[in-house]
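Close look at the chain arrangement
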Amino acid sequence: ELGNLPLVVEAHFIFETSCPPQWNLGEFFAPAPMRVVMDGPGNDLTAQWTFMALQEAIGPLPPALEAVAKRIPAGGLRKLLTVARDRAAANGETIRETALSKMNTAIAAELNRLEAMRAKNGMASEREIQWWKNRKTALETALRSSQVRLDSLLVVLPQALGRA
């Protein structure tokens, strides 16, 4: 448990998914960086510690704290990272829903255009319409499976910060 150990954890995540290139996922979704800053008890400090403020406040680790850094319990740090990951994933929901909405709107418009063209002059084939339906299914599956991945981690002992 990290509750009594004073530290700050800065975790950088990437919100991402994958999809075969023929479906052009990049039209609606790009991997997004996410940052979460927390203290030992699990309080979210992201708004208080911007990236630049934290980088500027970090100083060298005093030799007296080297032993403390080595005693950080792995299980407690793992729990804290799980909470941080869950917070990043919650932020990713907005990105996912925005991408799904853009994708559904664009593909529905294209399908409506193709259906109208096929009804008017038969110029849109069933094969082309089916391709767009398959694209929608593939993109929706990819977007629904998007998730956060831990990219980097910084553990800071507040005594090493210019302000605590």
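So, here is what we can say about the structure in this document. Since the structure is predicted, the reported quantities are computational estimates derived from the model, not experimental observations.

1. As for the overall build of the protein
Counting its secondary structure elements, the protein contains four helices and three strands. Secondary structure of the protein in N-to-C order comes out as β-β-α-α-α-α-β. Relative to a compact globule of 164 residues, whose C-alpha radius of gyration would be 15 Å, the protein shows 23 Å and is clearly more extended. For the protein, the spread of C-alpha atoms along the principal axes amounts to about 80 × 30 × 20 Å. Taking all 164 residues of the protein together, the buried fraction comes to 37%. Of all intrachain contacts in the protein linking residues separated by at least 6 positions in sequence, the fraction that spans at least 24 positions is 78%. In the structure as shown, the protein presents an accessible area of about 9,500 Å², 55% of it carried by carbon and sulfur atoms. Averaging the positions of the 19 positive and the 17 negative side-chain charges in the protein gives two centres separated by 3 Å.

2. Brief notes about helix α4 (residues 126–144)
Over its 19 residues, α4 extends 27 Å from the first C-alpha to the last, a length consistent with the 27 Å expected when each residue adds 1.5 Å. Looking at the buried positions of α4, the neighbouring elements they touch are α3 (74–121).

3. Concerning the side chain of Thr 17
Tracing the chain through its elements places Thr 17 in the loop between β1 (8–16) and β2 (32–39). Engagement of the side chain of Thr 17 in a polar contact is seen with the backbone oxygen of Ala 142, the distance being 2.6 Å. At 3.4 Å, the side chain of Thr 17 and the side chain of Ser 145 are in polar contact. Leave out the neighbours within four places in its chain, and Thr 17 touches Leu 25, Phe 29, Ala 142, Ser 145 and Ser 146.

4. Notes on the pattern of salt bridges
Within this structure, the stated rule accounts for eleven salt bridges. Arg 35 is the partner of Glu 10 in a salt bridge, and the nearest nitrogen-oxygen pair spans 2.6 Å. Of this pair, Glu 10 sits in strand β1 while Arg 35 is found in strand β2, placing the two residues 25 residues apart along the sequence. Residue class for Glu 10 comes out buried when judged on its relative accessible area of 3%. In this structure, Glu 110 engages Arg 113 in a salt bridge whose closest nitrogen and oxygen atoms are separated by 2.6 Å.

5. Some remarks on the packing of α3 against α4
Two elements in contact, α3 and α4, have axes separated by 10 Å at closest approach and are oriented at 175°. With respect to α4, the axis of α3 lies roughly antiparallel. Residues Arg 96, Glu 97, Ala 99, Leu 100, Met 103, Asn 104, Ile 107, Glu 110, Leu 111, Leu 114, Glu 115 and Arg 118 of α3 form the contact with α4, whose own contacting residues are Glu 126, Glu 128, Ile 129, Trp 132, Lys 133, Arg 135, Lys 136, Leu 139, Glu 140, Leu 143 and Arg 144. For the contact of α3 with α4, the per-class residue count stands at ten nonpolar, one polar and twelve charged.

6. Some points on the environment of Ala 90
Secondary-structure assignment places Ala 90 in helix α3. For Ala 90, a relative accessible area of 46% translates into the label partly exposed. With 57 residues separating them in the primary sequence, Ala 90 and Gln 147 have C-alpha atoms 9.9 Å apart.

7. Describing unusual backbone geometry
The phi torsion at Asn 24 lies on the positive side, around 55°, for a residue other than glycine. Here Asn 24 lies in the loop between β1 and β2.

8. Looking at the environment of Leu 111
Structurally, the position occupied by Leu 111 is in helix α3. Here the alpha-carbon distance between Leu 111 and Glu 128, two residues 17 residues apart in the chain, equals 9.4 Å. Dropping the residues within four chain positions of it, Leu 111 is found in contact with Ile 129, Trp 132 and Lys 133.

Definitions and cut-offs
- Residues numbered from 1 in each chain as written.
- Predicted model: local features only at pLDDT ≥ 70, side-chain atom pairs only at ≥ 80, totals over all residues.
- Heavy atoms only, no water.
- Helix = DSSP H or I, 4+ residues; strand = E, 2+ residues; numbered from the N terminus.
- Rg over C-alpha atoms; globule rule 2.2 N^0.38 Å.
- Buried < 20%, exposed > 50% of the residue type's maximum accessible area, 1.4 Å probe, protein only.
- Contact = heavy atoms within 4.5 Å.
- Areas by Shrake-Rupley, 256 points an atom, 1.4 Å probe, with all protein chains shown as cover.
- Lys, Arg positive; Asp, Glu negative; His and termini not counted.
- Charge placed at Lys NZ, Arg CZ, Asp CG, Glu CD.
- Expected span 1.5 Å × (residues − 1).
- Polar contact = N/O pair within 3.5 Å; in protein donor to acceptor, adjacent residues only side chain to side chain.
- Salt bridge = Lys/Arg side-chain N within 4 Å of Asp/Glu carboxyl O.
- Axes fitted to C-alpha atoms, helices over the stretch in contact; angles between N-to-C directions.
- Parallel < 35°, antiparallel > 145°, perpendicular 65-115°, else oblique.
- Nonpolar A, V, L, I, M, F, W, Y, C, P; charged D, E, K, R; others polar.

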